[in-house]
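An overview of the molecular structure
In case you want the letters, here they are:
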Amino acid sequence: MKSISASLRLCVLIVLSVYGAVAQIPAPKDVIGFTPGDDRKLASWASIVDYFKKLDAASDRVMFEEIGKTTMGAPFVYVTISSPENLRQLEKYRGINDKLADPRLIRSNDLAAKKLIAQGKTIVLITCGIHSTEVGSTLSSMLIAHQLALAPHADVKKILDNTIILLVPSLNPDGVDIVKNWYDKTLGTPFEGTEPPELYHKYVGHDNNRDWYAFTQVETQLTVDKIHNVWHPQIVHDIHQQGRNGSRLFLPPYMQPVEPNVPKQIVEGYTELGNYMATKMRGLGYQGITTNSTYDAWTPARAYSHYHGGVRILSETASARLASPVNIKFENLAAGSDDGYDPKKESPNFGPVWKGGEWKLRNITDTMTTAAFSLLHHASDNREKWLSRFYEIGKEAVRPRKEGELRSIVIDEAFPSRSNIENVLKRAGVEFMSHDPYLGSPIEIRMDQPYAAFAKAITLPQSYPDLLDASGHPIAPYDVTAHSYALLQGVNFRTFTTEFAPPPKVDPTTLGFGPPPVSSSRCKMDLVFGTYKSNQASMDEGWTRWLLERESFIAQGVYERFCKKVHRSISKNDILSSDKINDLRTIIFPDQSPNQILNGYAKGSMPDEYTGGVGKEGVENLKKFVENGGTLVFLNRSTEFAIEQFNLPIRDVTKGLTRKDFYIPGSILRTELATNHPIAKGMLQQSIAWFENSPVFEVGTQAASLLTDAEKQASSLRSDVRVIARYPTDPKNILLSGWALGAEKIAGKAALVEVTIGKGKIILFGFRPQYRGQSLATFPLLFNAISQ
């Protein structure tokens, strides 16, 4: 009896001990005031950070760390979650992973690798909230962390024992508050659930998830420098939301094509894991799940890990209206024509069919949390397989190259691109050597190193496959088709299948576009200019603002005659009150549809102060601005606004063409410059254009013949139309990187033109010269246009 009594007391003490520990673990509701997933409730970033700090203090399974500040000065944080034993030995496990990531450290010895694999842990990075209107994932991060810190179950213990989880609650903390503040402001009004009338990242909005090879934004840099490159995760679970009327959940595998530098083991890994998650969730009763649809694995812009040994498991859960529920009728379910499934029909890559009905934030957080745990179970149960696959990727990358294989890429660099290329390569862990210290000396990137695939992907041109449907129409890529950073930067590159022997000297003035000449004259005046900022937020406006706030990007000599440069954002109200723009020399209109510029949000779709565009009154003020000597610069689609509203004798030759006849989705094209024009000052004759939903211009008598008599009369003030850049006359020479169907339609046509009106000028860029902060090759064209 005594032994039974003693055993019973011991059991009671253990239960009380566990209960006491559990009772001290804070639930999200204890800190943020509600349970994540509750209708119409969003948390501030400060309260989310506070929750993770309190979780760290209460749990020996969680470690909180602030690793920097965001663009707007908020704390950028992540937590490490694992067993207490693992957390005490993090340096050991980081060292093991370093050796598996770079097998040269163990001389690619399989026996040594096997011993490391036996000890190592699967490293899983979970990233949330990069797109801040996709509110579910940041809320779900608290639910995932709470369950891992709290649950006493054996399956959770196994996850904690076999994995080290790096959880980023938001890759865009500034956006958490931008969206919450707007949602709270409109809650209970007709505008509840609308998106904010501003970018949810200060500069780049949705494009913050297109920055994983150029590394332009602070948040990208922090994540790469202090998480990816420190831990080299085998699995990255990137949690997103998609439209509300399609599938309830997307999981890999991805649609074709796969970028050719992605290792086959990565494709095998995301296919296996994605299919496992989908099967697991269907077994738990989740409906409307699709795989192998909508999203591709073509670009490093969204998948840094694919070139660093780790699979990216993108999940896309259907959205509500931010935190407000929606009701979706079955007959309204639909997917895009290129998405590869029908949400109303079961198919090999979709099912079971969701019948429609109410869809709430709770559905979103439940789906995300369940998907994350299914991923963690697989990572835990297959620990040795994940680590072995990781090692095999590294071993293949570092092996000596055989005769005839690519041995090295050599970049012949010139000012001002050198530091940009080198910084990107360094940040991505790519090794390179410069054979001479002088400016313009080539740098060599050898292929027998861990991350050579990344260097190949961002350096060499892309050749996107001609993917056509049964009727011969091109199947649209998920995003763009080109990502050759070297071309965007305007540098030359060469490939070698033999050992590279550097030349005795390289003349930097013959490389890339070359630096504009430096003037020795003193500055004579100030330059005051503005960029139009619509209430219908434009990412291109954000990128333009980001670029113009960074003097380091401005090519030497462009602004030499200006003592002071003052840039400001210009609203529709500024244009409607013409006195607000009279002090400006130039106004830039970024890439945006003509309707958004002219009309803006329709009445009743947003609060009144955010509706409307520049309107006819604003157009008249802009006409006066130009006629009195001002310069208007229009980028990409905004050129259509200028052509229509100013009745310019210019025609977009792509207008009206079907996708079957003409299709160039996000590609790099060759242009030929009129280098005697001030806008092409200091540049070489050969240049590039980033072409994406872009116009192509026909000017002169052929274009003028298409104008009505009234338009011809309105055009009488034009004294000069000059072509500054055009596409080659031979269609075969137009495409440099990406995909171009029907290139003959634009052969010999204009890409950049200048129209003189009265004392001023209108400059039309039929491309984006500041594309995503990357196209340094065409920055001088923009800077010269501003300073005309």
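Reading the values: the criteria
Residues numbered from 1 in each chain as written. Predicted model: local features only at pLDDT ≥ 70, side-chain atom pairs only at ≥ 80, totals over all residues. Heavy atoms only, no water. Helix = DSSP H or I, 4+ residues; strand = E, 2+ residues; numbered from the N terminus. Buried < 20%, exposed > 50% of the residue type's maximum accessible area, 1.4 Å probe, protein only. Areas by Shrake-Rupley, 256 points an atom, 1.4 Å probe, with all protein chains shown as cover. Salt bridge = Lys/Arg side-chain N within 4 Å of Asp/Glu carboxyl O. pLDDT = per-residue confidence, 0-100. Contact = heavy atoms within 4.5 Å. Polar contact = N/O pair within 3.5 Å; in protein donor to acceptor, adjacent residues only side chain to side chain. Axes fitted to C-alpha atoms, helices over the stretch in contact; angles between N-to-C directions. Parallel < 35°, antiparallel > 145°, perpendicular 65-115°, else oblique. Nonpolar A, V, L, I, M, F, W, Y, C, P; charged D, E, K, R; others polar. Pairing = 2+ DSSP bridges. Left-handed = near helix turned anticlockwise from the far one by under 90°. Expected span 1.5 Å × (residues − 1). Phe/Tyr/Trp six-rings, centres within 6.5 Å; stacked < 30°, edge-to-face > 60°.

1. Focus: the overall build of the protein chain
- Counting its regular elements, the protein chain contains 24 helices and 29 strands.
- In the protein chain, which comprises 788 residues, the proportion classed as buried is 59%.
- Roughly 30,500 Å² of accessible area belongs to the protein chain as shown, and the carbon and sulfur atoms make up 51% of that amount.

2. Thoughts on the pattern of salt bridges
- In the structure shown here, the tally under the stated rule is 42 salt bridges.
- Residue E499 is joined to R407 by a salt bridge in which the shortest nitrogen-to-oxygen separation is 3.1 Å. Taken together, the positions of E499 in the loop between β17 (492-496) and β18 (525-532) and R407 in the loop between α13 (383-398) and β14 (408-412) put the pair 92 residues apart, joining distant regions of the chain.
- When the shortest N-O distance is used, the salt bridge between D448 and R446 registers 3.2 Å.
- Classification of R446 as partly exposed rests on a relative accessible area of 24%.
- Each of R407, E444, R446, D448 and E499 takes part in salt bridges that share partners, so that together they form one network.

3. Quick look at the confidence of the model for the protein chain
- Confidence in the prediction for the protein chain averages 91 pLDDT; 89% of positions are at 70 or higher.
- Segment residues 6-20 is flagged for pLDDT under 50; beyond a separation of four residues in sequence, or across chains, it makes 0 contacts in the model.

4. A few points about the side chain of Q788
- By the element assignment, Q788 lies in the segment after α24 (779-786).
- For Q788, a relative accessible area of 19% puts it in the buried group.
- A polar contact is formed between the side chain of Q788 and the backbone oxygen of N784, at a distance of 3.0 Å.

5. Brief notes about the packing of helix α5 (residues 90-101) against α13
- Interhelical geometry of α5 versus α13 gives an angle of 45° and a closest axis separation of 7 Å. Here α5 is positioned oblique relative to α13, judged by the angle of their axes. Counted together, N97, L100 and A101 of α5 and L387, F390, Y391 and G394 of α13 form the full contact between these two elements.
- Of the residues belonging to the contact of α5 with α13, the class tally is 5 nonpolar, 2 polar and no charged.

6. Side note on the side chain of T367
- Structurally, T367 can be placed in helix α12 (residues 361-381).
- Apart from residues no more than four positions distant in its own chain, T367 is found in contact with L249, M281, Y286, T317 and W359.

7. Re the sheet that holds strand β3 (residues 122-127)
- Reading across the sheet, the 9 strands line up as β1-β2-β4-β3-β5-β10-β6-β8-β12 and stay open at both edges, with mixed pairing between neighbours. Among the strands making up the open sheet, the edge pair consists of β1 (62-69) and β12 (350-351).
- Relative to β12, strand β8 (residues 289-291) runs antiparallel, the two being bridged by 2 bridges. Bridge pairing in β12 places I289 opposite G351.
- Contacts from helix α7 (residues 136-150) reach β1, β2 (75-81), β4 (163-168) and β5 (235-242) within the one sheet, and its direction differs from that of β5 by about 135°.

8. Concerning the pairing of strand β20 (residues 586-589)
- Covered by surrounding structure in β20 are T586 and I588 together with I587 and F589, the residues of both alternating faces.
- Pairing between β18 and β20: 3 bridges, direction parallel. Residue pairing in the sheet places G530 in a bridge with I587 of β20.
- Where β20 lies against strand β21 (residues 631-635), 4 bridges are found, and the strand directions are parallel. Opposite I587, over in β21, you have L632 as the bridge partner.

9. Points about the sheet that holds β14
- Strand order in the open sheet formed by 4 strands is β15-β16-β14-β17, and the pairing between neighbours is antiparallel. The open sheet has two edge strands, β15 (433-434) and β17, and neither has a second partner.
- Relative to β17, β14 runs antiparallel, the two sharing 5 bridges. For D412, the partnering residue across the bridge sits in β17 and is N492.
- Helix α15 (residues 452-459) contacts β14, β16 (443-446) and β17 of the sheet and is inclined by roughly 45° relative to β14.

10. So, the packing of α7 against α12
- Taken N-terminus to C-terminus, the directions of α7 and α12 make an angle of 50°; their axes are 9 Å apart at the nearest point. Taken together, the axis directions place α7 and α12 in an arrangement best described as oblique. With respect to the hand of their crossing, α7 and α12 are arranged in right-handed fashion. Packed against α7, whose contacting residues are G136, S137, L139, S140, L143, I144, Q147 and L148, the element α12 presents L361, I364, T365, M368, T369, A372, F373 and L376 at the interface.
- Taken together, the residues of the contact of α7 with α12 sort by class into 10 nonpolar, 6 polar and no charged.

11. What to know about helix α3 (residues 45-58)
- The end-to-end C-alpha distance of α3 is 20 Å, a good match for the 20 Å that 14 residues give at a rise of 1.5 Å each.
- For α3, the set of buried residues is W45, S47, I48, V49, Y51, F52 and L55.
- On its buried side, α3 packs onto α2 (28-32), β1, β2, α7, β4 and α9 (173-186).

12. Brief notes about unusual backbone geometry
- Residue P253 is reached from P252 by a cis peptide bond, and omega for that bond is 15°.
- Here P253 shows up in the loop between β6 (249-251) and β7 (255-258).
- Residues Q256 and P257 are joined by a peptide bond in cis, for which omega reads 5°.
- Here P257 shows up in strand β7.
- You will see that S108, though not glycine, has its phi angle at about 55°, which is positive.
- Here S108 is to be found in the loop between α5 and α6 (110-119).
- Its identity is not glycine, yet T294 carries a phi of approximately 65°, on the positive side.

13. Brief notes about the packing of aromatic side chains
- Counted by the stated rule, this structure contains 26 aromatic pairs.
- Geometrically, the ring pair formed by F215 and F454 is stacked, given 6.1 Å between the ring centres and 10° between the ring planes. Remark: F454 occurs in helix α15 and F215 occurs in the loop between α9 and α10 (218-231); sequence separation between them is 239 residues. One exposure class covers both F215 and F454, and it is buried.
- Ring geometry for Y307 against F454: centres 6.5 Å apart, planes inclined by 75°, an arrangement best described as edge-to-face.

14. So, the environment of L143
- Along the chain, L143 falls in helix α7.
- L143 sits in the buried class, given a relative accessible area of 19%.

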